[in-house]
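What the coordinates show
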Amino acid sequence: MKIGILTFHCAENYGAVLQCYATQEFLKSKGHEVHIIDYRPDYLLSPYRVFYLRRLLCRNPLNGVINLIKELIHLPKRCYRRRAFHKFTQQHLLLTDTVTRDTIPTTFESYVVGSDQIWNTKITEGLDDVYFCNFSFPKEKRRYVAYAASMGKAELEDDKAKDYVCHALNHFDAISVREHDLSELLQPLTSRPISQVLDPTLMVNPQIWEKFVQSSLITRKYVAVYEVRMDKNVRRIAADIAKQIGGEIIFMDSWFSPNSNEHHKAVSPENFVNVIKHAACVVTTSFHGTAFSVIFNRPFYTIRLNDGADARSQSLLETLHLEERMVDKHSTPTYSSIDYTNANTILKTLRDQSQEFLQKALE
């Protein structure tokens, strides 16, 4: 079967490109002809611009100058990241030609949208028709599947959004989401069953990541810190954990902030996987930081920021009975290892169920 995938593949974000790669590789392993539809909306590209004047805006002119200097300091790292992500997509993702909302190709027999936060209106600046398979051409015999779609915080802003989603869900032949709260929110809006499945990074056989983790890039013991939502308490907790285990800290942020003074590692998506794999401990505010910690059975702490965006990680950890590894940002956790025996058993069952859902959805 010829399958087109629509997701956040063009965001320079580790979780975004790695979940896309995972979906692609799983479908390829089942004998399908797979391509990533190269849809690049500006709302995905803007936050990762190498040099972006909006990051310098502030009321105090002196602070503006200071931010400009910091922005220039980070510029080489941003350029490195840009090249690293471009290289990853060129080497590992099977892309179509670049398309727009109105030129989605009609040549696929099935369209899979997801995973990632494709239904998060704060990212997509409103509900994007593309990620609801609301295309400009008739459906005919094509199949539309939503796999592990996420909305971030499970809520619909108003009746207009609810009406849109209620109508849009009818485009799909099969629907699955990543979080339990989202399935509860959406199920009353459609007669189609909504399944809860694993994120693609967890759904695939973990062996696919081994090609990226053959040896450690860092010889010393370290705590890997990956933030997508910034909070000074994350650094405090990481520093305390590093002190407890006698290691150093490696920062891997989603982007380099001009307001941050820490030393950050500019790493490729492949090396992101490597750094998580060999970390003595991971401290993160990211769903995918949490997911890869689980994949590699690493000790970790997911920091609850109480900003309305904790649900994705919390849902995963509750499912795996690892909820004690999500700690409040004001806490000072005492380092401990993790017995993954039970979590791995649960994960294996959920992996089989998620793979079965996707295979049946495409039949």
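About the criteria used
- Residues numbered from 1 in each chain as written.
- Predicted model: local features only at pLDDT ≥ 70, side-chain atom pairs only at ≥ 80, totals over all residues.
- Heavy atoms only, no water.
- Buried < 20%, exposed > 50% of the residue type's maximum accessible area, 1.4 Å probe, protein only.
- Helix = DSSP H or I, 4+ residues; strand = E, 2+ residues; numbered from the N terminus.
- Pairing = 2+ DSSP bridges.
- Right-handed = clockwise from strand over helix to strand, strands pointing away.
- Contact = heavy atoms within 4.5 Å.
- Axes fitted to C-alpha atoms, helices over the stretch in contact; angles between N-to-C directions.
- Phe/Tyr/Trp six-rings, centres within 6.5 Å; stacked < 30°, edge-to-face > 60°.
- Lys NZ or Arg CZ within 6 Å of the ring centre and 35° of its normal.
- Core = buried A, V, L, I, M, F, W, Y, C linked by side-chain atoms within 4.5 Å.
- Parallel < 35°, antiparallel > 145°, perpendicular 65-115°, else oblique.
- Left-handed = near helix turned anticlockwise from the far one by under 90°.
- Nonpolar A, V, L, I, M, F, W, Y, C, P; charged D, E, K, R; others polar.

Attention now moves to the pairing of strand E10 (residues 281-284). Judged by which residues are buried, E10 turns out to be covered on both faces: Cys281 and Val283 on one side and Val282 and Thr284 on the other are all buried. Where strand E8 (residues 222-226) meets E10, four bridges bridge the pair, whose relative direction is parallel. Across the sheet, residue Ala224 finds its bridge partner in E10, namely Val282. In this structure, E10 lies alongside strand E11 (residues 300-304), joined through three bridges in parallel fashion. If you follow Val283 over to E11, its bridge partner there is Tyr301. For the crossover that starts at E10, traverses helix H10 (residues 287-295) and ends in the parallel E11, the hand is right-handed.

For the rest of this paragraph, the subject is helix H11 (residues 311-319). Among the residues of H11, Arg312, Ser313, Ser315, Leu316 and Leu317 are the ones counted as buried. At its buried positions, H11 is contacted by helix H6 (180-186), strand E7 (194-196), helix H7 (200-203), H10, E11 and strand E12 (326-328). Looking one or two places after H11, you find His321, whose phi comes out positive at around 60°.

So, about the environment of Thr345. Among the structural elements, Thr345 can be located in helix H12 (residues 341-361). Separated by 25 residues in sequence, Thr345 and Leu320 have C-alpha atoms that sit 8.9 Å apart.

Judged by pairing direction, the sheet is parallel, and its seven strands sit side by side in the order E3-E2-E1-E4-E5-E6-E7 without closing on themselves. Since the sheet does not close on itself, it has two edges, and those belong to strand E3 (95-99) and E7, each with one partner. Pairwise comparison of adjacent strand axes, ignoring direction, gives a mean angle of 25° for this sheet. Pairing of strand E4 (residues 110-113) with strand E5 (residues 143-149) involves four bridges; the strand directions are parallel.

For the rest of this paragraph, the subject is the packing of aromatic side chains. Enumeration according to the criterion identifies 24 aromatic pairs in this entry. Seen from their ring centres, Tyr111 and Phe135 are 5.3 Å apart, and the 55° between their planes marks the pair as tilted. One end of the pair, Tyr111, is in strand E4; the other, Phe135, is in the loop between helix H4 (121-124) and E5, and 24 residues separate them in sequence. Neither Tyr111 nor Phe135 differs from the other in exposure class; each is buried. Aromatic ring contacts, followed pair by pair, group Tyr14, Tyr21, Phe85, Phe88, Trp209, Phe212, Tyr226, Phe272, Phe292 and Phe296 into a single cluster. It is Arg178 that lies over the ring of Phe287; its NZ or CZ is 4.0 Å from the centre.

Our next topic: the nonpolar core. Counting 63 residues, the largest nonpolar core has Trp209 and Phe272 as the members making the most contacts within it. In terms of residue count, helix H1 (residues 14-29) provides more of this core than any other element does, eight residues in total. If we ignore the near neighbours within four places in the chain, the residues touching Phe272 are Tyr14, Leu18, Tyr226, Met252, Val267 and Phe292. Formed by 39 residues, the second largest nonpolar core is a distinct cluster that contains Tyr39, Cys133, Ala161 and Ala168.

Once that is clear, we can look at the packing of H10 against H11. Two numbers describe how H10 lies on H11: the axes approach to 8 Å, and their chain directions differ by 25°. Classified by the angle between their axes, H10 and H11 sit roughly parallel to one another. In the crossing of H10 with H11, the sense of the turn from one axis to the other is right-handed. Taken together, the residues of H11 that come into contact with H10 (itself represented by Phe287, Thr290 and Ala291) are Arg312, Ser313, Leu316 and Leu317. Across the contact of H10 with H11, the residue classes tally to four nonpolar, two polar and one charged.

Attention shifts here to the pairing of E8. Counting buried positions along E8 yields five of five residues, so the element is predominantly enclosed. Taking every second residue as pointing to the same face, both faces of E8 are buried, with Tyr222, Ala224 and Tyr226 on one and Val223 and Val225 on the other. When E8 meets strand E9 (residues 248-251), the two strands line up parallel, connected through four bridges. Residue Ala224 lies in a different strand from E9, and its bridge partner there is Ile250.

Let's shift gears to the sheet that holds E8. The parallel open sheet is built from five strands, whose spatial order is E9-E8-E10-E11-E12. Looking at strand neighbours, the two that pair on one side only are E9 and E12, the edges of this open sheet. Strand-to-strand twist across the sheet, computed as the mean angle between neighbouring axes with direction ignored, equals 25°.

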